[in-house]
Amino acid sequence: FGSSLIDAIAQKCAAMNDAPTEEEVGITEFFGPCCSGFRCSFKSKYQDFHVHEVDTTGSEIRMSEVLTKVAVATELREEKVSEDAALDVLGPSFEFCDDAMAHLKALPAEDLEALKTFMKHSREEHRIVEGKPVPLALLGACSDKTQRKAKHLAVKAAYPFLATEMVASTQQIEVFLRPRGRNKHVPPPADGAHGIGKGKGKAKGKGKGKGKAKSAAECDGPVVRWENWPEGQPEFLHFTLYKENRDTGEAINNVSKCTFKSWKHFGFAGTKDRRGVTVQRVSAWRLRKEALKRAILNRLWDRQIRVADLEFRPERIRLGDLGGNRFDVVLREIVDADLETARLNFEHAQDQPGFLNYFGLQRFGTQKIRTHQVGVALLRREWMKAVRMILGDASLLQESARSNEGERATKIQRTEACGRCLSTATEVGKVAATPDDGKPPIRPWHTRDKAQGIREAQRAFLVEGSAQRALELMPMSQFLERNLLGSLAQDLDPLACLQKLPRQQLSLYVHAVQSIVFNHVLSRRIAQFGRTPVAGDLVSVQQAAELPNEGDADPELEGEVASAEGEVVDPRNLEVRVLAPSEVHTCSIFEVVLPLPGDLIEYPGAGIREIYEQVVRDVVGLSLKDFTEPVAGLFPLPGAYRRIVVKPDGVQWSCHENVTYRDNLIPSDIDKLLRPIAHPADEFVADPAQQKQGGCDGQLEPASAPPEGEAAPSNAIVFSCRLPPSAYLTMFMREITRESTGRRPPPHSMPEA
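Residues numbered from 1 in each chain as written. Predicted model: local features only at pLDDT ≥ 70, side-chain atom pairs only at ≥ 80, totals over all residues. Heavy atoms only, no water.

**A word on helix H17 (residues 503-529)**
Then step 1. Between its first and last C-alpha, H17 extends 38 Å over 27 residues, near the 39 Å set by a 1.5 Å rise per residue.
Then step 2. A maximum bend of about 30° is found in H17 at Tyr509.
Then step 3. Where H17 terminates, the next one or two residues include Gly530, which has phi positive at roughly 85°. (Helix = DSSP H or I, 4+ residues; strand = E, 2+ residues; numbered from the N terminus. Expected span 1.5 Å × (residues − 1). Bend = angle between axes of the 7 residues up to and from the residue.)

Structure (structure tokens):
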């Protein structure tokens, strides 16, 4: 036995202890006829999983350009040269030119004189003193809003390098030179988006209390002074977000910090997997293009993130504003004996596509505390319990664990069996592999410090009771936990702490409760009534392809809290009806829907409502009535309808032989743009210093390092497909491979029976 076997067994042990099983979350049935399965390795490295968002018009979101640091710096330098040339008009010899007067002709004579006197100051005389620009031109008071607006527009049209602000007390208009770049006296953004200082009071991290928060300019990276939004310009900046090995919340948080905008101002159609390469559209409220470009130069900018295709649009991107997702996936380590089976199964998927539309395991988390368990606490209005569970208090699960002693005993027996196997392997291999603090000992090298920081922060709050100390220890990437701890450090009550969290994030927990109910009901519906429509089923009056968007697909939680997916769609937007006995033979199973519990949905007939009542009572310990009231104003619970069977679109696949771990079989958008001729396996940046400092504008990050005892070259299948919103790719893979989607060791590391 080698160390790779010991690592594999330890991973399996940890998975049994923490990650949910398919049976636990109600995934027990298959849609297609019984067939043979095959084993493979999925997501053995993040470069094997690519997701491209599909917009509401059916177009795939692709990177069409790469904004490198060099290109952005060059563009900003050219803009500065252009602005400097425009500022040459300032000085004692200033006079209004004909072009400027064409815009300023409506201004009163006294305003023109004040503006002319102001412009006669040389550019060196314009500066910031105690947070205020000097000198200033003060235009006359005007009580009429339309006239004031005309003055603002006239001045900015004549001289774009000027900024204007209204003095609320006098209704006069101040005109000043718009500061640019790293001006040490530029105040932070007016919306107070971030508390970047380390205050000494209870509001540490919020820029309040006794400590003085740093200004935006004193922090890393150049900034642009906040000013009034240009008249007539759409308020939302849309851009393409490309990320590698980052979850959507983490990526948005990084962009918000580097642009000094609140994360509340950003919108997206759905979460994307962490362990993968993903591309999607994001909107930001009143974020200027130059501010986002300057953020790329910030030393805090994450090198695993790219932005491109910036444009202003009048609408915000909301959860569910997508047409689906395009997946490109590599399945590795398919043994020769299974290769023919894999081919036959993919051919069947092309000819007779369809799989049960379960919510995947990722929906329910990868830790001991499941996301739906937090949701149950929220539905019961147990606010402090919900807060402590979000922060990792697994002791609160003891009560529910005691209610299911039989299942727990089985799990303990499995764990002990794996422990005996681990002990034997360790004795033979002479390698120690002991779990640390009951947590899985095997973690990627780049997350070990982060995991340790999370454990220390949890101990500081849950054991020592110090929210402030926990906030100091919690890694910056855990923005949801830090938000909670920051509120607790201010002595807010538990409900107020929860209300401080993003609504999209918080709703994930209650959506998980609805999801586990849906899974169990779907399994019982298939087991009791079969795979064809029956009288009493709910069917959509619209065609299946026209169902409203339900959210995004397949979020990889990876032990962290991810954003809600947004599949709670107002049921009033979808008309359903109960299937009559005479219509059974004219209806397709793809038209059948099941509801997610809520106060606006209709339940099916044929005894399925009774199944809902049993599942809600036995699985989550609630009643259907608990889903009919909003959760203390946090968010409503209208419910939703979800198709029970999904058809993947455009299934394509190819077989590859003699594939090694280092072979990258799917080029990313960045690879195609920056290295169109490079060999796909050439994944490593040459200069390690560039990797550390983020100075390389080529490959974002080295490929995942091959594991110890790397397997010999084997077979692989590359496949692609489109799935509708909220459909899980893992459930499609489960249908094809007939294997559990739970975490397990790769095939080459499994001990022989």
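**What about the environment of Asp111?**
Then step 1. Locating Asp111 in the fold gives a position in helix H4 (residues 109-119).
Then step 2. According to the relative accessible area criterion, Asp111 is buried, its value standing at 2%.
Then step 3. Distance in space between the C-alpha atoms of Asp111 and Ala137 is 8.6 Å, their sequence separation being 26 residues.
Then step 4. With residues up to four places along the chain from it excluded, the contact list for Asp111 reads Leu139, Gly140 and Lys151.
Then step 5. Polar side-chain contacts of Asp111 include one of 2.8 Å to the backbone nitrogen of Gly140. (Buried < 20%, exposed > 50% of the residue type's maximum accessible area, 1.4 Å probe, protein only. Contact = heavy atoms within 4.5 Å. Polar contact = N/O pair within 3.5 Å; in protein donor to acceptor, adjacent residues only side chain to side chain.)

**Considerations on the pattern of salt bridges**
Then step 1. Scanning all chains against the criterion turns up 36 salt bridges.
Then step 2. One salt bridge in this structure joins Glu60 and Arg326, with 3.2 Å as the shortest N-O distance. One end of the pair, Glu60, is in the loop between strand E2 (49-54) and helix H2 (69-86); the other, Arg326, is in strand E14 (residues 324-334), and 266 residues separate them in sequence.
Then step 3. With a closest N to O distance of 3.8 Å, Asp247 and Arg274 form a salt bridge. Residue Asp247 is located in the loop between strand E10 (236-244) and helix H6 (248-259), and its partner Arg274 is located in the loop between strand E11 (266-268) and strand E12 (277-285); the two are separated by 27 residues in the primary sequence.
Then step 4. Classification of Asp247 as buried rests on a relative accessible area of 5%.
Then step 5. When salt bridges that share partners are traced, they join Glu60, Arg62, Arg326, Asp328, Asp669 and Arg722 into one network. (Salt bridge = Lys/Arg side-chain N within 4 Å of Asp/Glu carboxyl O.)

**Some points on the side chain of Lys293**
Then step 1. Checked against the element boundaries, Lys293 lands in helix H7 (residues 289-295).
Then step 2. According to the relative accessible area criterion, Lys293 is buried, its value standing at 15%.

**With respect to the environment of Leu506**
Then step 1. The residue Leu506 is located in helix H17 in this model.
Then step 2. The exposure class of Leu506 is buried, given its relative accessible area of 2%.
Then step 3. Sequence separation between Leu506 and Ile390 is 116 residues, and the spatial gap between their C-alpha atoms is 10.0 Å.
Then step 4. The contacts of Leu506, once residues within four sequence positions are left out, are Leu378, Leu498, Leu501, Leu634 and Phe635.

**Details of the sheet that holds strand E5 (residues 137-139)**
Then step 1. A sheet is described by the order of its strands in space; here 3 strands give the open sequence E5-E7-E6, paired in antiparallel fashion. A strand with exactly one partner marks an edge of an open sheet, and here the two such strands are E5 and strand E6 (162-167). In this sheet, adjacent strand axes meet at a mean angle of 25° when their direction is disregarded.
Then step 2. As paired strands, E6 and strand E7 (residues 172-177) are joined by 6 bridges and run antiparallel to one another. What sits directly across from Glu165, in E7, is Glu174.
Then step 3. H4 rests against E5, E6 and E7 of the sheet, and its axis sits at about 170° to E5.
Then step 4. Strands in contact with helix H5 (residues 145-158) are E5, E6 and E7; relative to E6, the strand with the most contacts, it is inclined by about 160°. (Pairing = 2+ DSSP bridges. Axes fitted to C-alpha atoms, helices over the stretch in contact; angles between N-to-C directions.)

**Description of the sheet that holds strand E17 (residues 576-578)**
Then step 1. An order of E17-E16-E18-E19 is seen for the 4 strands of this open sheet, with the pairing classed as antiparallel. This sheet does not close on itself; its edge strands, each paired only once, are E17 and strand E19 (640-643). The average angle at which neighbouring strand axes cross in this sheet is 50°, direction not considered.
Then step 2. Both strand E16 (residues 538-540) and E17 contribute to a ladder of 3 bridges, which runs antiparallel. When the sheet's bridge partners are listed, Leu538 is paired in E17 with Val578.
Then step 3. Against the sheet, H17 engages strand E18 (592-596) and E19, with an angle of about 140° to E18.

**Structural notes on the pairing of strand E22 (residues 714-723)**
As a general feature of sheets, a regular strand has side chains that alternate between the two faces.
Then step 1. With 9 of 10 residues buried, E22 lies mostly within the body of the structure.
Then step 2. When E14 meets E22, the two strands line up antiparallel, connected through 8 bridges. In the strand pairing of E22, Val329 is matched with Phe719.
Then step 3. Taken together, the 7 bridges between strand E21 (residues 649-659) and E22 define a ladder with antiparallel strand orientation. Paired with Asp649 across the two strands is Arg722, which belongs to E22.

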